[in-house]
Amino acid sequence: MLNAFVIALTLASAVFAQPNPGKVTGDISVHDPTMCRDNAGTYFIFATGTGIPIHTSTDRIAWTQIGSVWPNGAPSDTNQFTGTTNGAIWAPDCTYLNGQFYLYYAASTFGSQNSGIFFATSTSGLPGTWTDHGLVTSTATGATYNAIDPNLLIDGSNWILSLGSFWTGIKEMTLSSSTGKPSSSSITSLAQRTANNGAIEASVIWKQGSFYYLFSSWDNCCQGLNSTYNIRVGRSSSAKGPFVDQSGVALTNGGGTLVLGTHGSIVGPGGQDLMSDVDGTIMVYHYYTATTSLLGINRLDFSSGWPVVV
Ligand SMILES: *[C@@H]1O[C@H](CO)[C@@H](O)[C@H](O)[C@H]1NC(C)=O
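Residue numbering note: each chain is counted from 1, following its sequence as written. Only residues with pLDDT of at least 70 get local features here, since the model is predicted, and only at 80 or more are side-chain atom pairs given and counted; chain-wide, interface and lining totals rely on the full set of residues. Calculation of side-chain values draws on the structure's entire complement of heavy atoms; hydrogens and water are dropped beforehand.

**Regarding the overall build of the chain**
So, point 1. Secondary structure is summarised from DSSP: a helix means a run of H or I of at least four residues, a strand means a run of E of at least two, and numbering begins at the N terminus for each. When helices and strands are tallied, the chain shows three helices and 22 strands.
So, point 2. The C-alpha radius of gyration computed for the chain amounts to 19 Å, which stays within 12% of the reference 19 Å derived for 310 residues, consistent with globular compactness.
So, point 3. Here the chain holds 310 residues, and 55% of them are scored as buried.
So, point 4. We call two residues contacting when some pair of their heavy atoms lies within 4.5 Å. The contacts of the chain with a sequence gap of at least 6 include a subset with a gap of at least 24, amounting to 51%.
So, point 5. A 1.4 Å probe and the Shrake-Rupley method give the accessible areas. Residues count as covered only by the protein chains that appear here. In the form shown here, the chain has an accessible surface area of approximately 12,700 Å², with 53% of it arising from carbon and sulfur atoms. Our radius of gyration is a C-alpha quantity, and the globule rule it is checked against amounts to 2.2 Å times the number of residues to the power 0.38. The buried label goes to any residue with under 20% of its type's maximum accessible area, the exposed label to any with over 50%, and the partly exposed label to all in between, with areas taken from a 1.4 Å probe on protein chains only.

**A few points about the environment of Ser177**
So, point 1. Examined against the element boundaries, Ser177 turns out to sit in the loop between strand S13 (170–175) and strand S14 (188–191).
So, point 2. Between the C-alpha atom of Ser177 and that of Pro150, which follows or precedes it by 27 residues, the distance is 16 Å.
So, point 3. Setting aside its immediate chain neighbours within four residues, Ser177 contacts Ser157 and Trp159.

**Section: the confidence of the model for the chain**
Low-pLDDT portions of the prediction should not be read for the details of their coordinates.
So, point 1. Scored between 0 and 100, pLDDT is the confidence that the predictor attaches to each residue. Counting all residues, the mean pLDDT for the chain is 95, and 95% of those residues have values of 70 or more.
So, point 2. Between the elements of the chain, mean pLDDT differs from a low of 46, seen in helix H1 (residues 2–16), to a high of 99, seen in strand S3 (residues 43–46).
So, point 3. Segment residues 1–15 is flagged for pLDDT under 50; beyond a separation of four residues in sequence, or across chains, it makes zero contacts in the model.

**A short note on the side chain of Asp38**
So, point 1. For Asp38, the location among the structural elements is in the loop between strand S2 (34–37) and S3.
So, point 2. Positive charges come from Lys and Arg alone, negative charges from Asp and Glu alone, with His and the N- and C-terminal ends not counted. Put simply, a salt bridge is a Lys or Arg side-chain nitrogen that is within 4 Å of an Asp or Glu carboxyl oxygen. Among buried Asp, Glu, Lys and Arg side chains, Asp38 stands out as unpaired, with Arg37 the closest opposite charge at 7.1 Å.
So, point 3. Between N or O atoms, a polar contact is any pair within 3.5 Å; within protein, one atom must be a potential hydrogen donor and the other a potential acceptor, and residues adjacent in sequence are included only when both atoms are from side chains. At 2.9 Å, the side chain of Asp38 forms a polar contact with the backbone nitrogen of Ala40.
So, point 4. Beyond its immediate chain neighbours, meaning those up to four positions away, Asp38 contacts Phe44, Tyr96 and Phe101.

Following this line, the structure appears as structure tokens:
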């Protein structure tokens, strides 16, 4: 009886333990980070900010901000969405494959559906080496969704873009692998909630083993210690869904299993991205301990079939 109780308690704490961010040092003030590692083993983080700030590291611990993707100003096509010249770019998403960085990024203003997703490439990833390929997709006031928070999944020969924030939630479109632009006008709905004004964004589709996992950030970003962001997940046997959470609730019906939320002094973790590294699947995100958002990096253990932060 006692043993069963102890085992139950141990299991419960194992399920609900929320580890702190792994150790990072240096220039770790970031928002909506995305991480890639090049062939030489250098880690790159791209994040929300003017010109898209770039941080690099050789060990995934010590980070240095080395400049930005657009040191001479964001492409002028973004001005119509940011409402200014060289306005802050949001939530980039990098993928590194065969010696090439692919970067999707968004231009918008807070609370607006006048939003555009853009695409750029570079072989070195360094400041000022990027070629912009222009607008990928956009939305305008009155659309059913919002074209921000892009995430690319390269799944064999298929390029899949997920995107979305608030309104009717997270969407998916298929891209051409040769242009990086939509290959059809078809849009699939992946996740939606009605709670808290439908606050769901920052999607990531991740393939691990025989499942596709859809991560998102729920609730409120960007408010320092008032932030209520938290990271949720569901899974599917198809990249097109349907995704369900660990209780079997459809993500299109408000489902989403908690991966990481506020715990102790770590407030509002979210804006996440995943990367496959030599030691496993890595999740990067931001969180607050004060007014500035900081870089979180943890490994995800998928051995139970569901991601557990370790
Ligand atoms: C947090 O909420 C309080 C109370 O509404 C407000 O005074 C404060 O400005 C907020 N802080 C931030 C960073 O939004």
